[in-house]
Each structure stands twice: as structure tokens, then as C-alpha cells.
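Below are the chains, spelled out letter by letter.
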Amino acid sequence: MFLRKSFGVLVCCSWSVVSLAQQQESLNKILGNLNGSLNFSVSQFKGTDLVSRQFFSKNSPLKTNTGTWQLQFKHTPVSGHPEAVDIAASFRVSEGTAPSSAVEASLDFGRWNPKNYVLVPASVYNGNRYRAIGDGYSPAYPKDMYYNPSVPLTISNNPRLSIEKGMPSTVQLQTGNAATPAMCFFSEKEKSGFIVLTGQLTKLGNNGLTISENAEKDSCRFGISAPAVRKLAPGFGDFHNSGDIAPDWKTGDEVTLNFRVYVFKAESIPALLTKFMEVRKDFSGDNQPRNLLPMSKLFEVVSTITRGNFVQVPAGSYYTPENNKDFQLGWVSGMMNTYPMLALNDEKERSRVAAELDFVVNKLQGKSGYFYGGIKANGEIRPEKMHPDFKPVQAMVRKNSDALLWFMKHLMLLKAQGHGNTIKAAWETAAEKLAKAFVRTWKSSGEFGQYIAPETGEIAVYNSTAAAIVPAGLALAADYFQNKEFLTVAAASAKFYYRRDVQQQGLTGGDCGDISQDANSESAFGFLESLMALYHYTGDKQWLKMAEVQAALCSTWAISYDPVFPENSAIGKLGSHMAGAVWASIQNKHAAPGICTASGDYLFKLFRATGNVKYADLIRDIQHAQAEAVNMPGHITTNNLIGSSMERIQPSDAEGKGSIGNFINTRNSWTETNGILMAMELPGIYLRPESKKMYVFDHVEAKILENNGSETILSIHNPTRYDASVSMLRETEKQSLRPLSYTAFVNWPKVNIKAGETVKVRINKAGVPGLL
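Residue numbers restart at each chain and count upward from 1, following the sequence in its written direction. With the structure being a predicted model, the display of local features is reserved for residues of pLDDT at least 70 and the display and counting of side-chain atom pairs for 80 or more, all residues being used for whole-chain, interface and lining totals. Each side-chain value is derived from all of the structure's non-hydrogen atoms; neither hydrogens nor water enter the calculation.

Undergrad: Any chance you could explain the overall build of the protein chain here in plain terms?
TA: A tally of regular secondary structure across the protein chain gives 16 helices and 38 strands. Both definitions apply: the radius of gyration is a C-alpha atom measure, and the globule rule equals 2.2 Å times residues to the power 0.38. A compact globule built from 772 residues would reach a C-alpha radius of gyration of about 28 Å, and the protein chain, at 27 Å, matches this within 12%. A principal-axis box enclosing the C-alpha atoms of the protein chain has dimensions of 85 × 70 × 45 Å. Among the 772 residues that make up the protein chain, the fraction classed as buried is 63%. Helix numbers and strand numbers start at the N terminus; a helix is a DSSP run of H or I with at least 4 residues, a strand a run of E with at least 2. When a residue's accessible area, from a 1.4 Å probe over protein chains only, is under 20% of the maximum for its type it is buried; when over 50% it is exposed; and in between it is partly exposed.

Undergrad: Before we go on, may I ask you to explain helix H5 (residues 347-364) in this structure?
TA: Think of an α-helix as turning once every 3.6 residues; residues three or four places apart then point the same way. Taking 1.5 Å per residue, 18 residues should reach 26 Å; H5 reaches 25 Å between its end C-alpha atoms and fits that length. Listed as buried for H5 are Glu-349, Arg-350, Arg-352, Val-353, Ala-354, Glu-356, Leu-357, Phe-359, Val-360, Val-361 and Leu-364. If you check the start of H5, you find a side-chain oxygen 3.0 Å away from the backbone N of Lys-348, and it comes from Asp-346. Helices are assigned an expected span. That span is 1.5 Å times one less than the residue count. We call two N or O atoms a polar contact when they sit within 3.5 Å, provided that within protein one can donate a hydrogen and the other can accept it, with sequence-adjacent residues counted only if both atoms are side-chain atoms.

Undergrad: What exactly am I supposed to notice about the sheet that holds strand S36 (residues 750-753) here?
TA: Strand pairing in a sheet takes place through backbone hydrogen bonds and is either antiparallel or parallel in direction. Here, any two strands with at least 2 DSSP bridges between them count as paired. Reading across from one edge, S32-S31-S35-S36 is the order of the four strands in this open sheet, with mixed pairing throughout. Of all strands in the sheet, those bounded by a partner on one side alone are strand S32 (693-696) and S36. Between one strand axis and the next, the sheet turns by 20° as a mean value, whatever way the strands run. The sheet contact formed by strand S31 (residues 685-688) and strand S35 (residues 724-730) spans three bridges and is parallel. Note that in S35 the partner of Leu-687 across the bridge is Arg-730. Only heavy atoms enter the contact rule, under which two residues are in contact if any of them lie within 4.5 Å. To get an axis, a line is fitted to the C-alpha atoms, and for a helix only the part in contact is used. The angle between two axes follows their N-to-C directions and goes from 0 to 180 degrees. Here helix H13 (residues 601-610) sits on the sheet and contacts S31, S32 and S35; the angle it forms with S31, its principal contact strand, is near 15°.

Undergrad: Quick question: what am I supposed to make of the sheet that holds strand S37 (residues 758-764) here?
TA: Strand order across the open sheet formed by four strands is S33-S34-S37-S38, with antiparallel pairing between neighbours. Every other strand in the sheet has two partners, leaving strand S33 (701-707) and strand S38 (769-771) as the edge strands with one partner each. For this sheet the average axis-to-axis angle between neighbouring strands, irrespective of direction, equals 30°. Pairing of S37 with S38, which is carried by three bridges, proceeds in the antiparallel orientation.

Undergrad: I tried to follow the nonpolar core on my own but got confused; where do I start?
TA: A general tendency of soluble globular proteins is for nonpolar side chains to be buried together. Residues grouped as a nonpolar core are buried Ala, Val, Leu, Ile, Met, Phe, Trp, Tyr and Cys residues, joined through side-chain atoms within 4.5 Å. Residues Phe-407, Met-408, Phe-448, Leu-474 and Leu-603 are the most contacted members of the largest nonpolar core, which totals 190 residues. Of the residues forming this core, the biggest block, eleven residues, is contributed by helix H6 (residues 397-416). If sequence neighbours within four positions are ignored, Met-408 has contacts with Ala-431, Gly-473, Leu-476, Ala-477, Tyr-480 and Phe-481. Counting residues in hydrophobic clusters, the runner-up holds 45 residues, among them Leu-71, Ile-87, Phe-185 and Val-261.

Undergrad: Sorry, what's going on with helix H11 (residues 541-555) here?
TA: For H11, built from 15 residues, the straight-helix expectation of 21 Å at 1.5 Å per residue is met to within 8% by its first-to-last C-alpha distance of 21 Å. Within H11, eleven of the 15 residues are buried, leaving the element largely enclosed by the surrounding structure. Taken residue by residue, H11 has Trp-543, Leu-544, Met-546, Ala-547, Val-549, Gln-550, Ala-551, Ala-552, Leu-553, Cys-554 and Ser-555 as its buried positions. Of the surrounding secondary structure, the elements contacted by the buried residues of H11 are strand S9 (124-125), helix H2 (269-279), helix H9 (484-505), helix H10 (521-538), H13 and helix H14 (613-628). Among the residues of H11, the N-terminal cap falls to Asp-540, whose side-chain oxygen and the backbone nitrogen of Gln-542 are separated by 3.0 Å.

Undergrad: Sorry if this is basic, but what is going on with the packing of helix H7 (residues 425-445) against helix H8 (residues 470-481) here?
TA: Across the interface, H7 lies against H8 with an axial gap of 10 Å and an inter-helix angle of 125°. Relative to H8, the element H7 lies oblique. Taken as a pair, H7 and H8 cross one another with a handedness that is left-handed. Counted together, Glu-428, Ala-431, Glu-432, Ala-435, Phe-438 and Val-439 of H7 and Val-470, Leu-474, Ala-477, Tyr-480 and Phe-481 of H8 form the full contact between these two elements. Throughout this entry, Asp, Glu, Lys and Arg are counted as charged residues, while Ala, Val, Leu, Ile, Met, Phe, Trp, Tyr, Cys and Pro are counted as nonpolar. The remaining residues, Gly among them, count as polar. In the contact of H7 with H8, the residues fall into nine nonpolar, no polar and two charged. Note on terminology: angles under 35 degrees are roughly parallel, angles over 145 are roughly antiparallel, angles of 65 to 115 are roughly perpendicular, and the others are oblique. Handedness of each helix crossing follows the sense of rotation of the near helix against the far helix: counterclockwise by less than a right angle gives left-handed, clockwise gives right-handed.

Undergrad: Hey, could you run me through the packing of aromatic side chains in this one?
TA: Each aromatic ring pair is described using two quantities: the centre-to-centre distance and the angle formed by the ring planes. Any two of the Phe, Tyr and Trp rings considered here, Trp counted by its six-membered ring, make a pair once their centres fall within 6.5 Å; the pair's planes then place it as stacked at under 30 degrees, edge-to-face at over 60, or tilted in between. On inspection of all chains with the given rule, the structure shows 38 aromatic pairs. Their ring planes at 15° and their centres at 4.7 Å tell us that Tyr-125 and Trp-557 sit as a pair that is stacked. Highlighted residues: Tyr-125 in strand S9 and Trp-557 in the loop between H11 and helix H12 (570-574), separated in sequence by 432 residues. For the pair Tyr-125 and Trp-557, a shared accessibility class is recorded, and that class is buried. Taken together, a centroid distance of 5.5 Å and an interplanar angle of 85° make the contact between Phe-438 and Phe-448 edge-to-face. Of this pair, Phe-438 sits in helix H7 while Phe-448 sits in the loop between H7 and strand S27 (451-452), placing them ten residues apart in sequence. The two residues Phe-438 and Phe-448 agree in class, both being buried. Through a chain of ring-to-ring contacts, the aromatic side chains of Tyr-370, Phe-438, Trp-442, Phe-448, Phe-496 and Tyr-497 assemble into a single cluster. For Lys-385, the ring lying beneath its charged end belongs to Tyr-141, and the centroid distance is 4.4 Å. Any Lys NZ or Arg CZ that is within 6 Å of a ring centre and within 35 degrees of that ring's normal is treated as a charge sitting over the ring. Here the guanidinium or amino end of Lys-605 rests over the ring plane of Tyr-742, the centre of that ring lying 3.8 Å away.

Undergrad: How should I be thinking about empty space enclosed by the protein in this particular structure?
TA: The method is simple in principle: a probe with the dimensions of a water molecule rolls over the atoms, and the space it marks as empty is what remains. Only protein atoms enter the 1 Å grid used here, on which a cavity is any set of points holding a 1.4 Å probe that cannot leave and a pocket is any open set flanked by protein within 12 Å on both sides along at least five of seven lines; residues with an atom within 4 Å of a point are listed as lining. Grid points are joined across faces, edges and corners, and a volume is the space filled by probe spheres set on the points. A full pass over the atoms with the stated rule returns five cavities of 30 Å³ or more. Taken as a whole, the largest cavity spans an internal volume of roughly 90 Å³. Lining the largest cavity are 15 residues, with Ile-469, Gly-526, Cys-596, Thr-597 and Ala-598 positioned closest to its centre. Counting residues per element, the ones that place at least two in the lining of the largest cavity are H6 and H10. Among the elements that take part in the lining of the second largest cavity, H13 stands out by supplying three residues, more than any other. Class assignment for the residues of the lining of the second largest cavity results in six nonpolar, one polar and three charged.

Undergrad: Before we go on, may I ask you to explain the layout of surface pockets in this structure?
TA: By volume, the largest pocket is sized at about 460 Å³. Lining the largest pocket are 28 residues; nearest its centre among them are Val-332, Asp-514, Glu-647, Asn-668 and Trp-670. Sorting the residues of the lining of the largest pocket by element identifies H10, strand S29 (582-583) and helix H15 (669-681) as the ones contributing at least two each. A class-by-class count of the residues in the lining of the largest pocket yields 13 nonpolar, nine polar and six charged.

Pasting the structure below:
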């Protein structure tokens, strides 16, 4: 829940010693670096149509046709942050009434430059100032997007600032549309950054977030309103009537808007992103994750589901990644949900995994080395994003990048388990052939594109960051096959995507099969996987620096606070704390449990390499929000199988106001898979005894009782209703400097703790725990 701020005594504009005008003048000195000013207004509506907007001025009350408003205003410096100020503005009807009205605080910027980078976490990246197509979910691509190396980045019909000259534009959102209730921009000309953070709601409902640019594109307004009153609400690539209602006010009615403004020196978009991650929880306060479901119990229930989803159909034998018997490679868990089944080290499941790898190699690889993206149970190949004028069957580059990464991880795990002798030459040949296909594409095109033709190897649709995970796959393949060229291309392509997409545009996108080239979370997290892989295999800290920026971009996609959901919604009734839920894309306006599809262990590795606890907090939040969505006895979410989960944690009204806070009564393999991967690849408790540091990822509570050179004694309490088997990773400072093996989890010792039990554990120098 929100941390309520106390701002002391507010100053009334009509009788204060320190007047409204004086306070605004003081604040405007801070905003002056960006030619900004703070203004307050009252808007009256007819339905959602704006009838009038009137501004407060100097020290006078605001008189309307129906009443009088008073404004109380105070700004307070933020301790430890000279670049920041807290603002409280209280609006009160002192006389009369105010029908259908909303109040707003706006930060208005003159000398605006349309080249400024504008960010609203999870909704707007680079102003969404791109060519837009369609009017609905997953629009068809026009002909000019195919086989065109010059295709501009193209998004679905989302809220955006205009690219057309002489056209004004307005982005109207409410706080439920944002992973963090914030609006930000970076000015290259002024070398400055701006962030405003606010709360989710007042007693009137969710706050509004508005960005409005004039036709000349030389001024822009960033407004926070109570409540949100939008003409249209954004949907999944379209808009619908918002149904927002401006309330009627009577004498004595009052509401206060609280927000925090940062204005700071910034040399680049990465500097803004890094600052955002640093401060994103500072206004709302720390979230409070709940310990509900131990990682070991999650592994148990999800592996049970996956065991039951192995099928033998005319196409082949595999674990189904969907709620039917068709198969998709990568993306939504195809040849990914096999990995935890392999980790079981069970002979039956190992043979099933082998059967799926055989199926993928024999049925899906094209002549070029690239794989087709899917196949129906009857053996019919599933084409992707086709256009009638172009006949070669296309496949997602994203799915091929997943295929390379997960092929390598399977082979590495088999060797780590001592089953290297079961690896078939055909698997290695297929993986190496795919890596070589990526190398050829890079050499010929200087990018990997968004869709390719597996038969010919040609890029069918260029642009996007659909290849976010390719450098990771190539880095792993370079080590496995001892091929230096793979690593060279991995590094060159990672630098290209970082420079073009992250550094210059502040986004990654286009690697999801049901969006256009929209900014999305999957590519952001996938590219972090690549940067950490390059750091792992080269030790070059340039990759670590890029990874820190990329992690900051990832943080813009994860909910940073525990939203208030409608009390009668499913999430509201459960009292779930959903900080850490990961938004999908600027088209698909919902959050979901976990990363599609990965454990996010690269965030743990980044924490381990840098010591920055915010990276650990981020993946801890993601893991705990995922657990909140898991269907368990007494905690019903999907109304489906025990252990199941689905891809919907909905803070927004993109699917209608009735969808806010409600789950979908189905299950999604990819959300289950990322949950079990987190249970595997994240240590339950991470301990660095020399510095007396400990971080708990699992759903237990732990504290250090004793710590000396030879051993550490912990107290561990399991507050959940389930028995837990908690994995432990103890390291010295020296050990933490070495890259962590991709299969390190195989050797992590575990401590068993019964539900409700507290135990004392002694951990020796070797990291081996024992109960006292």
C-alpha cells in the first residue's frame, strides 16, 4: 500500500505569509533549467468532454460560475536529494459547488524540443513517437514492411506524441496504466533529466497522467489530476470510451495531490533510466512482499503439471506449451519447460526431454539453419506474420534466439549432471547450424531483423530488438563449440542493439509474437540476459556497465509498489501485493506473473557482481508477485490446476473497468515455466559471511545469529503453510568475483524446514548447511 506522506502545515494562497506566488517562484527556479513552471487548475467536464479549464493565479482564490476554490500549496526539499522537491497541493471548494470537475497540477515546459525522450513506465517510450498501424490487437503488417531494410520502427495504435509536423498531441493515462506512477523526460539540448513521481490515487480514485504537446511542438504539459478524466482509454492497440466520471463537489470538499519532482543533470537517456531505477520507490515507499509459497513447493506443483502435459501426436513427442496439442518453439515455453524437467534428474523425464529435442531438430529446422516457429499436432508448419504477396514461410527471430540459448543450456545441464554421454550429435549439429545462420545474417545485413524465412535465411521483416537474446545464445555457443567467431558476432551485435535501441531510443521491443515492433518487457529482460552472458564469458566490465543501464530499463516494466485494487476484485479479495508484476508491452496493456520466459537470474548475477541491492530487490519482487498469482488451496487465482497461473495481473482498464484486479480463468505454460525457473536458478538464501551480508529470495525469514571465520549460524523461519526445502549459496568475496556457472544450482545444498517451523542452521566454510 502507499506510504502516506506528511508535509506539515500547508500554506493557503489567500492568507499565507509565504504566498503561493512566492512558493511557485522558488520552485520554478528548480524547473528553470528546463524552462519549466508549475501551475494549478480546475477543469469542468460534460461527460468526458472538457468544457473549461481555469488556472489559479497569484494569491487569489479561483472563482468559477458556481463556486470558489482555495489552494493550499507547500514544497519541501527532499533530504539527501538536492535535485528533488516534494509538493503538496490541496484544492478545496470554499463556497458554492463545482459540478463534474477535476483538479490538476501541471508542470509546463517552454522551449520544448520534440526530440526530447519521454517516458511513462510501461506505457510510453521515446514518446511512442513512431509510425503506428492498425486499430486493434496484433495488427497485420502493410506490404512495405516486408523485405525492406529501411522499414521504420512501427508500433500498434497506442497513446503517443505525434510525428506529424503541425499536429498537436495528447497522451491521456491514469496511474493504473503505469508500472510506476511517473512521467519523465530527458533533454539532450539541456543535458538534463526530469522525473515526477506521484501516488496511485486519492479518495476520488486513480490519478490522471497527461502529456500534452502543442502543434508547434515547442511547449509540453505534464499534468497530474485528481481524478483521471480521459476522453478515451487505451486498449490493446486501440482506444475505447473511458467511462471516467468527474465528481461533483460541494462546499468543504477537498483533495490533496502529492508528488515529487526531480530535475538533474543527465548526459544521456541511459542516465535518465539509471536515475529512474534509483528513485522509483522513493515516493511510494518500499513495497511489502508476502511470503506465501516456498520455491520448492512451487517447483513441486508446476513440475507435476508439466509431467502431465507430455503428448505423443502425429507431429512428434513433446511437452505442450499451450492449452492445446500444437507446439510453439521458444517464446511461450516450447523447449523451455523441458529445462526444469531435465533438472529433475529423473530417467523418465530425461527420456521425454530427449524425445522433444529429437522432434524439434527433425521437424522444425529449415535448410538455412533457422527453425520454424511452430507446428500443429497434425504436423502442419505454423507460419508467422505472413503477407499474401510474400510466399516463403516466416518465423520469429525471437523464437530462434530462444532456441539457440535453450539448446545450449540443455546441453550444459546434461554435462553438469554427468549425462554428457546422452547428448546426441544431431542436437549439437542443429544448435551449431543455428548459430552459424545468425552469423551469416549478421555479416550480410548488420542486424537480425524481426521475422526470417527459415528456408532461405532471408530477413523478411527488419528492425526491432526481436533478436535481444541472440548475443546470449551465441556467447554460450562460442564457449561450447570453441568458436571465436560466434563470440565476435555476439559482441558486435550487442553493441549495435545497445547503441541503436537503448542508448539512442531508450527502449527495446518487437520480440513478442502478438505485437508490432512495440516497446516491450520481454526484449528488455532478454537483452539483459545477453549483456550478462557477454560479461560472463569475457570478464570485460563494459558489458557490466551496459547491463546496469539495461536493468534500469527493465525496472520500468515492473510494478514498483503494491497497487490498491478494487476490494471486490479477485486480487483485492486475496489482498495480494503485486509489486514486481511485469508489464507486457505498450500494446498489451497488462502486467503478468514473471518474465516471458526466464528466471531473471541475470539480475541476481548483476547484484552479485555489483553489490547493488536494487537488482536483488527487483528479481525478489518479480518472484513474489509471480507466487501471488499461483493457484493454490485457499488462494484461488485461475480456478484451474493446483500450481497453475495465467498471464494477467491487470491494474489498468485497457480491457474495461471490470477487468481491473481480476485474473483470467485459464492457465499459461509460460507463467508456470518462469515460476519454476526462478525456483531453480535463484538461491533461496544468498550469504556473504565476510561482509555479513545476506539476501533472502525464498519465502522464508532469516537472520544471522553468529558469524566467524569458520562458520555462520542462521535462524530461518518458514511462515508459510507448506514445508520448504531452501537452497543456499554461501560465497566468499573472492568467490563472488568469478562468474556464476549457468548450472550452479545443481550443486546448491538445501535446508528442509517444515511449515511454521523455525530452525537454526550452521553453514561451514564449504557452504554446507547443517541443522543445530
